[in-house]
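So you can see what is in the structure, the chains are spelled out below.
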Amino acid sequence: MKKGKATNDTKLAIHGGKKAVPQLGPYPTKLGADELLALMDLWEMSPTTHRAVQKLIRGDRKLKGPHLFRYYNPKPSRVALAEKAMAEAIGVQQVLAVNSCTSALVAAMRALGIGAGDEVLVPAYTFFATAATVVASNAIPVIVDVDDSLNMDPKAAEKAITRRTKAIVPVHMRGAPAQMDALLDLAKRKGLPLIEDVAQACGGSFHGKKLGSLGTMGCFSFDYYKIINSGEGGFITTDDEWLYTRAQSWHDTAACWRPNRFGREQREGELFCGENYRMSELQGAVALAQIQKLPRLIEQYRRACAAIRNDIESRPGLSFRRLTDPAGDTGSCLIFFLPDADRTRNVLTALQAEGVPAGGVYDSKVRDWHIFTYWDHILERKSVAADGLPWSAVPAKQLPKYSRDMCPRTLDWLGRSIHIEINPDYSEEDCALIARGINKVLRAYLP
Ligand SMILES: Cc1ncc(COP(=O)(O)O)c(C=O)c1O
């Protein structure tokens, strides 16, 4: 370099010279027309619409895709909007979007400080994830019988509490609220947090309060099978800001995207190593659209469910699932019981032959992840590593005694239950046909 007086070109910017690189970009995000077209391909469209959309999108050379990472999206982030919509729909102060209800359950338990040596009560009838996430949190699931509501029996729950119990996790199975008054009373008397598993009952309520707003925390699933979905996805609801903060930390790899992300912890317990359960903007956009549809969908479910139920003739030996709050049932499933398991199996086969959308639950020959008898991973105390956790954290004698006949009432109720799947799009005529099919079969089997 030539010696001499530094010109504006040579003078370093740190000494007041001109910046060598005044500006870069702006560049498009990493997503553009190809990605949008890939998304459009997911929707079923007529070939004409498809061609028209293709032409429009391909023709737009400046098309700039969105940031699908929630924290980079120019506001408003779809995930943040979905959280806000969920807070309004459920009636809670804090909502955290995650990528599944399984994640939501683990994050909720971690937020509550549940870990090795702790016990958590879960019902014997629920999707396996409710129990598996207790183990994933290094704690021990204690499996509790359900009653004729097919939800956790509060009396059985009380009996299952030990000095190790750290939480109660009732599940609002098949769209209907658990016995929340008795369970909340139990939780209060014992000083225990209550996590509602609302995976199957989004939009339901208990005596006027939305499910997911009654307990300490609520966990929702937005996977494909649920009342509303974003393919995969989940939400945590709570009124407790501190629990929200801790769940946010857990869901976000060592708390790296928390509000003051590079700051030291403001309060002991805010920072710890977590996982990555973040929801993407793709899921957030779909979840938001689905949450906005929720009131209408619930109304349709309830209408169809009531229409079918009202048309079913009463017969000796026929009883309906006990609803802890009929007005709060989502109506996504209509369940009735028959006097014995043999007849239930025959009635189920006959209903299916008639074309009625009926399912049964307990058949010892059919493996079903919703019934504790098939939870080999827990019954046989399996562990992912040689450390034997979570079972090794407690002296063997103090572990719960698991067996395939430990919750006989659950098996009895499930073995005698018939589940009629409700579709929110059933017309009046569909409902009448289904009720007619049910009456035809029940007349033959319950004369
Ligand atoms: C009661 C219950 N809890 C938890 C889950 C787990 O939900 P996800 O698939 O979103 O992890 C499910 C899913 O079927 C469920 O039914």
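Before reading further, recall that the structure is shown in the block above.
Computed from a predicted model, the values in this text were never measured in an experiment.

Caption draft 1: Quick look at the overall build of the chain. Scanning the chain from N- to C-terminus turns up 13 helices and 13 strands. Projecting the C-alpha coordinates of the chain onto the three principal axes gives extents of approximately 110 × 65 × 40 Å. About 22700 Å² of surface is accessible on the chain, with carbon and sulfur atoms providing 54% of the total.

Caption draft 2: Spatial organisation of the site of the ligand. Residues in contact with the ligand amount to 15 residues; listed here are only the nearest, T102, D197, S221, D223 and K226. Measuring from an oxygen atom of the ligand, one finds a side-chain N or O atom of T102 at 2.5 Å. A distance of 2.6 Å separates an oxygen atom of the ligand from a polar atom in the side chain of K226. A molecule is said to occupy a pocket when more than half its atoms come within 2 Å of that pocket's grid points, and by this definition the ligand occupies the largest pocket. Of all the secondary-structure elements, those providing two or more residues to the shell around the ligand are α4 (101–111) and α5 (129–136). The class makeup of the residues in the shell around the ligand is 5 nonpolar, 7 polar and 3 charged.

Caption draft 3: Main features of the pattern of salt bridges. What the rule picks out here adds up to 24 salt bridges. As a salt-bridge pair, D252 and R278 come within 2.8 Å of each other at their nearest N and O atoms. Pair noted here: D252 is in the loop between α8 (241–250) and α9 (281–311) and R278 is in the loop between α8 and α9, with a separation of 26 residues, a long-range link. Overall, the relative accessible area of 0% leaves D252 in the buried class. The residue R416 makes a salt bridge to D412 at a minimum N-O spacing of 3.2 Å. Residue classification places R416 among the buried positions, given a relative accessible area of 14%.

Caption draft 4: How the structure looks around the sheet that holds strand β8 (residues 217–221). Here 4 strands make up an open sheet; going across it, the order is β1-β9-β8-β5 and the pairing mixed. Only two strands of the sheet have a single partner each, and these edge strands are β1 (94–98) and β5 (195–197). The average undirected angle you get between the axes of adjacent strands in this sheet is 20 degrees. Of the pairings in the sheet, the one linking β1 to strand β9 (residues 234–238) comprises 5 bridges and is antiparallel in character. Bridging across to β9, Q94 finds its partner in T238. Strand contacts of α8: β1, β8 and β9, with the helix running at about 15 degrees to β1, the strand carrying the most contacts.

Caption draft 5: Representation of helix α10 (residues 341–354) within the structure. The end-to-end C-alpha distance of α10 is 20 Å, a good match for the 20 Å that 14 residues give at a rise of 1.5 Å each. Listed as buried for α10 are T344, V347, L348, A350 and L351. Next to the buried residues of α10 lie β11 (333–337), β12 (358–360), α12 (408–415), β13 (417–421) and α13 (428–445). The backbone nitrogen of D342 has a side-chain oxygen 3.4 Å away, supplied by the residue at the start of α10, namely D340. Note on α10: the residue one or two positions beyond its end, G355, has a positive phi of about 95 degrees.

Caption draft 6: Quick peek at α12. For α12, the complete set of buried residues consists of T410, L411, L414 and G415. End-on view of α12: buried residues confined to an arc of 120 degrees, all on one side of the axis. Residues of α12 that are buried make contact with α10 and β13.

Thresholds applied
- Residues numbered from 1 in each chain as written.
- Predicted model: local features only at pLDDT ≥ 70, side-chain atom pairs only at ≥ 80, totals over all residues.
- Heavy atoms only, no water.
- Helix = DSSP H or I, 4+ residues; strand = E, 2+ residues; numbered from the N terminus.
- Areas by Shrake-Rupley, 256 points an atom, 1.4 Å probe, with all protein chains shown as cover.
- Near = heavy atom within 4 Å.
- Polar contact = N/O pair within 3.5 Å; in protein donor to acceptor, adjacent residues only side chain to side chain.
- 1 Å grid on protein atoms, 1.4 Å probe; cavity = no way out; pocket = protein on both sides within 12 Å on 5 of 7 lines; lining within 4 Å.
- Sits in = over half its atoms within 2 Å of the grid points.
- Nonpolar A, V, L, I, M, F, W, Y, C, P; charged D, E, K, R; others polar.
- Salt bridge = Lys/Arg side-chain N within 4 Å of Asp/Glu carboxyl O.
- Buried < 20%, exposed > 50% of the residue type's maximum accessible area, 1.4 Å probe, protein only.
- Pairing = 2+ DSSP bridges.
- Axes fitted to C-alpha atoms, helices over the stretch in contact; angles between N-to-C directions.
- Contact = heavy atoms within 4.5 Å.
- Expected span 1.5 Å × (residues − 1).
- Arc of directions from axis to C-beta.

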